[in-house]
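Fold and contact review
One-letter residues, chain by chain:
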Amino acid sequence: MWRLRQAAVACEVCQSLVKYSSGTKGSLPLQKLHLVSRSIYHSHHPILKLQRPHFRTSFQQFSSLTNLPLRKLKLSPIKYGYQPRRNFWPARLAARLLKLRYLILGSAVGGGYTAKKTFDQWKDMIPDLSDYKWIVPDIVWEIDEYIDWEKIRKALPDSEDLAKLAPDFDKIVESLSLLKDFFTTGHKLVSEVIEASDLLLLLGSPGETAFRATDPGSESDKRYRKVSDKEKIDQLQEELLHTQLKYQRILERLEKENKELRKLVLQKDDKGIHHRKLKKSLIDMYSEVLDVLSDYDASYNTQDHLPRVVVVGDQSAGKTSVLEMIAQARIFPRGSGEMMTRSPVKVTLSEGPHHVALFKDSSREFDLTKEEDLAALRHEIELRMRKNVKEGCTVSPETISLNVKGPGLQRMVLVDLPGVINTVTSGMAPDTKETIFSISKAYMQNPNAIILCIQDGSVDAERSIVTDLVSQMDPHGRRTIFVLTKVDLAEKNVASPSRIQQIIEGKLFPMKALGYFAVVTGKGNSSESIEAIRDYEEEFFQNSKLLKTSMLKAHQVTTRNLSLAVSDCFWKMVRESVEQQADSFKATRFNLETEWKNNYPRLRELDRNELFEKAKNEILDEVISLSQVTPKHWEEILQQSLWERVSTHVIENIYLPAAQTMNSGTFNTTVDIKLKQWTDKQLPNKAVEVAWETLQEEFSRFMTEPKGKEHDDIFDKLKEAVKEETIKRHKWNDFAEDSLRVIQHNALEDRSISDKQQWDAAIYFMEEALQARLKDTENAIENMVGPDWKKRWLYWKNRTQEQCVHNETKNELEKMLKCNEEHPAYLASDEITTVRKNLESRGVEVDPSLIKDTWHQVYRRHFLKTALNHCNLCRRGFYYYQRHFVDSELECNDVVLFWRIQRMLAITANTLRQQLTNTEVRRLEKNVKEVLEDFAEDSEKKVKLLTGKRVQLAEDLKKVREIQEKLDAFIEALHQEK
């Protein structure tokens, strides 16, 4: 209450001063009053009037803001009970209090405006995320519908309670002063906070703060003291370096944000949120063109001049490490001092939502963020390299194609080549050095290839081999980028840092380049991550003397800058050369099409794969035709083939020994025993072999027989290879022999001939068999004794001495048989002696073994002729057989034997035919399909089996068309990107 009364009195005094001041006409404007006067100028009390005082009070005050003196005021005595000549100290106190309030209010308003301005600047730097509202769930935008803000507002404490929680401004001032000393450099917001803290300190001690800036002995004067020119230059260079690093960090932060945003966009596209089809990336299209070109045989002088980034360098110079830093993953196998890159590796870098790698000929993706997948990828690359290297070699020219995708990767195609060596060590092939040189030259001689020359900065420049090779392939340096690796070791070990500057400027090597870069690829630890290497590289160059002394420029260091420069150079070269390459392939395509029209006007342009598919369909159709063979045809072939296989055994081992017996009982006993033994051991196996051979013959007949005008001889080699491989793989069912043995045994035990037709068929079968044996025997005798008199006189042929001996022996044995037609099959020893002596009496010297051999053939012919005569007699013997008559002159047991054999052959042929048509033909068809599938996956076998000028011409024409189409699509996409 006392303060309120004092404020009222102060207001009345102010009014009287304004209205009744002596010597002033009218009222004094508010603008012309002093700050203190304005602060106490009020008109709330109209009755109060102050008169001019009779005394003068002289005083002068200074403000920390304006430093203006107060006007001299003459105060009059106060009416209405106020005592005159009073000093009005309550008014002065109120003015001071009001002044402090306005100062605090003004500081708060100024600081708020500065903070708002800083916030607006930051807001402008943030990219527009309106297109990515889909990332935030819909529930966030509908949160107002689920939250009652009125209840929350009522639940909050009152303003008085919040005032109790207000911070202590004295402690804030102390904290801000500490922050000012801690941050030597900071952002604009920190500077504004420090300025606010200075203002608060100024309010706290106005006198001391107001004059501190004008103190001649303050630290600010020492900061701006005169320095020498050299110190100024060093200070400016250091400030420039810090500025570059500052903007470098800002750029990296923005790139990281951009990478995350692009990753989100790509992930959204992968998930198909917008259900739109993604176009193939530009670098993937270009990589496909290069893959097709690598398989193209340049038979028509169309060279591959499309750009690639060829990474070359001495062994262990850091080629692979530089490539891994560009790819941002440890993807290559590594070893200490051992050659690890044994074949070229083409790496296609492209952007993608996930950091993955995959091979051209495989669908497996390796997650490069997982160490186990990285280890598997390195192992797979090492296996492929060793597989490409032929026996007796160390390196291979065959290329391994690898695609690496990830957010923020620079789009380009790099080829990592084996390191150039100077000496062939033990364990290497003698031609390893020459092979590496030839591989490197083959890639670098492309006039549009970008050569990334890697040089180890930690070794003497004079030991480099690759620089001479690069200078030979690109003497003017129009497509070479020089990279100095291991700069950290070079700075420590090199006595003269100027040598590094000479290397970077291209003065030390006899080679020129488009650009020179210096990089650091880690501390030599193979387990280091890419992030750790990158941090170490940035830290090294930030503190390196090479940058501080201007030996290196900021854009010439770090693999990130190198990657950007190589990518820019790569795409520039692509845009300049791709259309020219497309025109050359158009001309090649026209030449190939003209050649095809002239040589093969009525044939379609089928390449090797299309021809293989056509041949595959023909082969499968021919296999299916096996199932269309009639049962009668199968049984006839099987029966005939089986008899040809077993006839010798039946005649020689069963019929002839049994026929030598004296009576029918012994004959039948001998036959039954020998048939049982034959069925148990040999017959089923022989039958299965015959069936399998018959199937092979029919299959071969369908595969190889000409088809008339539709026959295409280009498929002959393929069909023959398919037939041989199928026959090799096919195996007959093992259970067939067991079931067949039972069937054959039952068939041979049946002796009952039911009708005359079967009897006649058996006699006919027996006559054919005996006549065939008789013919073979006569041929054997003719070969033994030589030509007869007719052939000697008509064809002028003569007998040899041995044939003459055999002829004399034959004549002597025939005389003995005429004397005794019932002679047994074997000669007695006295008979051999008699024949030998009779021959010796005529001057013919013979050996007993010769007599026995001749006797075997002579007696065989005699026996077969006798059996044929007996067979003729048995034609009328069915009547006696059917009524079981015993006639010693007409015993036809041999006819029954041949009937049993004939019936067994028919039943066996029927059984094998059923097994063929029901099982084996289908299994054979399945094997043919498997063989064709294996051949389809084997490119080398297709090239070997489908050959000829027609195939090669169609193959080249297809590849040229494919290359041209891909080039045209790539050029169109390239123009759209522009």
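This text goes with the structure placed above it.
The subject of this paragraph is the overall build of the protein. Looking only at helices and strands, the protein features 36 helices and nine strands. Taking all 978 residues of the protein together, the buried fraction comes to 40%. Taking as baseline every contact in the protein between residues at least 6 positions apart, the subset at least 24 positions apart corresponds to 79%. By element, 52% of the accessible surface of the protein is carried by carbon and sulfur atoms, the whole surface being about 58100 Å².

We now examine the packing of aromatic side chains. Under the criterion given, the structure shown has 14 aromatic pairs. With 5.3 Å between their ring centres and 75° between their planes, phenylalanine 570 and tryptophan 571 make a pair best called edge-to-face. Using a relative accessible area of 0% as the deciding quantity, one classes phenylalanine 570 as buried. Residue classification places tryptophan 571 among the buried residues on the basis of a relative accessible area of 5%. Consider the rings of tryptophan 596 and tyrosine 600, whose centres lie 4.9 Å apart with planes at 45°: the pair is tilted. A connected cluster of aromatic rings, assembled from ring pairs, spans Trp643, Tyr655, Phe765, Phe863 and Phe898. Its end group placed over the ring of phenylalanine 359, arginine 384 keeps NZ or CZ at 4.0 Å from the ring centre. One residue, lysine 942, lies across the ring of phenylalanine 612, its end atom 5.6 Å from the ring centre.

Here we come to the sheet that holds strand E6 (residues 412-416). Strands pair in a sheet through their backbones, by hydrogen bonds, and they do so in one of two ways: parallel or antiparallel. An order of E4-E3-E5-E2-E6-E1-E7-E8-E9 is seen for the nine strands of this open sheet, with the pairing classed as mixed. Both edges of this open sheet fall to strand E4 (366-367) and strand E9 (515-518), since each of them pairs with a single strand only. Together, strand E2 (345-350), strand E5 (400-405) and E6 form the strand contacts of helix H12 (residues 282-294), whose direction differs from that of E2 by roughly 160°.

Now for the pairing of strand E8 (residues 480-485). Remember that side chains alternate between the two faces of the sheet whenever the strand is regular. A large share of E8 lies buried, amounting to six of its six residues. The pairing of E8 with E9 spans four bridges and is classified as parallel. Across the sheet, phenylalanine 482 pairs through a bridge with tyrosine 516, a residue of E9.

A full pass over the atoms with the stated rule returns one disulfide. Cysteine 871 takes part in no disulfide bond, and the closest cysteine sulfur, belonging to cysteine 874, lies 6.5 Å away. Cysteine 871 gets classed as buried once you look at its relative accessible area, which sits at 0%.

Take the packing of helix H30 (residues 801-819) against helix H31 (residues 829-841) next. Taken N-terminus to C-terminus, the directions of H30 and H31 make an angle of 130°; their axes are 10 Å apart at the nearest point. Accordingly, the angle class assigned to the pair H30 and H31 is oblique. Crossing of H30 over H31 shows right-handed handedness. Residues Glu808, Thr809, Glu812, Leu813 and Met816 of H30 lie in contact with H31, whose contacting residues are Glu831, Val835, Asn838 and Leu839.

Next up on the list: the pattern of salt bridges. Tallying each qualifying case throughout the model produces 40 salt bridges. Across the pair lysine 949 and glutamate 595 runs a salt bridge, and its minimum N-O distance is 4.0 Å. With a gap of 354 residues between them, lysine 949 in helix H36 (residues 949-977) and glutamate 595 in helix H21 (residues 559-599) connect regions that are remote in the sequence. Arginine 860 is the partner of glutamate 652 in a salt bridge, and the nearest nitrogen-oxygen pair spans 1.8 Å. Taken together, the residues span a long stretch of sequence, with glutamate 652 in helix H23 (residues 631-659) and arginine 860 in helix H32 (residues 848-873) at a distance of 208 residues.

Turning next to the nonpolar core. Counting 98 residues, the largest nonpolar core has Tyr655, Trp678, Leu695, Val722 and Ile901 as its most contacted members. When residues in this core are grouped by element, the largest group, 17 residues, is from helix H34 (residues 893-937). Among residues more than four places away in sequence, those in contact with leucine 695 are Leu626, Trp634, Trp732, Leu916, Glu920, Val921 and Leu924. Among the nonpolar cores identified, the runner-up in size contains 67 residues, and Met285, Ile400, Met573 and Ile963 belong to it.

The subject of this paragraph is a negative patch on the surface. The grouping of Glu231, Asp234, Glu238 and Glu239 at the surface amounts to a negative patch. Here glutamate 238 lies in helix H11 (residues 229-271). In this structure glutamate 238 comes out as partly exposed when scored by relative accessible area, which is 47%.

Okay, the environment of glycine 408 next. By the element assignment, glycine 408 lies in the loop between E5 and E6. C-alpha of glycine 408 to C-alpha of glutamate 351: the two residues are 57 residues apart in sequence and 6.2 Å apart in space.

In this section: the environment of leucine 932. By the element assignment, leucine 932 lies in helix H34. The sequence separation of leucine 932 and valine 722 amounts to 210 residues, and the corresponding C-alpha distance is 7.1 Å. Ignoring sequence-local partners within four residues, the contact set of leucine 932 consists of Phe612, Lys616, Ile619, Leu620 and Val722.

Turning next to helix H14 (residues 371-388). For H14, spanning 18 residues, the distance from its first C-alpha to its last is 26 Å, which sits close to the expected 26 Å at 1.5 Å a residue. Of all the positions in H14, only Asp373, Leu374, Leu377, Arg378, Ile381, Arg384, Met385 and Asn388 are classed as buried. End-on view of H14: buried residues confined to an arc of 140°, all on one side of the axis. Within H14, the exposed residues directed more than 90 degrees away from the buried face are Glu371, Glu372 and Lys387.

Turning next to unusual backbone geometry. The phi angle at serine 316 is positive, at roughly 65°, despite the residue not being glycine. In this structure, serine 316 sits in the loop between strand E1 (309-313) and helix H13 (319-327). The phi angle at glutamine 328 is positive, at roughly 60°, despite the residue not being glycine. Turning to its location among the elements, glutamine 328 is positioned in the loop between H13 and E2.

If you check H30, its first and last C-alpha atoms are 28 Å apart, about what 19 residues at 1.5 Å a residue would give, namely 27 Å. Within H30, burial applies to Gln803, Val805, His806, Asn807, Thr809, Lys810, Glu812, Leu813, Met816 and Leu817. Considering only its buried residues, H30 is in contact with helix H28 (756-785), H31 and H32.

The rules behind these values
Residue positions are counted from 1 within each chain, in the order its sequence is given. Given that the model is predicted, a residue must reach a pLDDT of at least 70 before its local features are reported, and side-chain atom pairs must reach 80 or more before they are shown or counted; all residues, however, enter totals for whole chains, interfaces and linings. Water and hydrogen atoms were dropped before computing side-chain values, which therefore reflect all heavy atoms in the structure. Runs of E in the DSSP output that reach at least two residues are strands. Runs of H or I that reach at least four are helices, and both are numbered from the N terminus. Each residue is assigned to one of three classes by its accessible area relative to the maximum for its type, calculated with a 1.4 Å probe on protein chains only: buried under 20%, partly exposed between the two thresholds, exposed over 50%. Between two residues, a contact is recorded if the distance between any of their heavy atoms is within 4.5 Å. Accessible surface is estimated by sampling points in the Shrake-Rupley manner with a 1.4 Å probe; for residues, cover comes only from the protein chains shown. Two aromatic rings from Phe, Tyr or Trp, using only the six-membered ring of Trp, form a pair when their centres are within 6.5 Å; if the ring planes differ by under 30 degrees the pair is stacked, by over 60 it is edge-to-face, and anything between is tilted. Distance and angle both matter: a charge sits over a ring if NZ of Lys or CZ of Arg is within 6 Å of the ring centre and within 35 degrees of the ring normal. Any two strands with at least two DSSP-identified bridges between them are counted as paired. Axes here mean lines fitted to C-alpha atoms, for a helix over just the part in contact, with angles spanning 0 to 180 degrees between N-to-C directions. The disulfide criterion is simple: two cysteine sulfur atoms within 2.5 Å. Small angles under 35 degrees read as roughly parallel and large ones over 145 as roughly antiparallel, with 65 to 115 read as roughly perpendicular and the rest as oblique. Helix crossings are classified by the rotation of the near helix relative to the far one: an anticlockwise turn of less than a right angle makes the crossing left-handed, while a clockwise turn makes it right-handed. When a carboxyl oxygen of Asp or Glu is within 4 Å of a side-chain nitrogen of Lys or Arg, the pair counts as a salt bridge. The term nonpolar core refers to a set of buried residues drawn from Ala, Val, Leu, Ile, Met, Phe, Trp, Tyr and Cys, joined through side-chain atoms within 4.5 Å. Residues qualify for a patch when their relative accessible area is over 30% and they have no salt bridge, like charges being joined within 9 Å and the nonpolar side chains of Val, Leu, Ile, Met, Phe, Trp and Tyr within 5 Å. In this tally Asp and Glu are treated as negative and Lys and Arg as positive; neither His nor the chain ends contributes. Think of each charge as sitting on NZ of Lys, CZ of Arg, CG of Asp or CD of Glu. One less than the number of residues in a helix, times 1.5 Å, gives the span that helix is expected to have. To obtain the arc, one takes the directions from the helix axis to the C-beta atoms.

Honestly, it's all geometry; don't read function into it.
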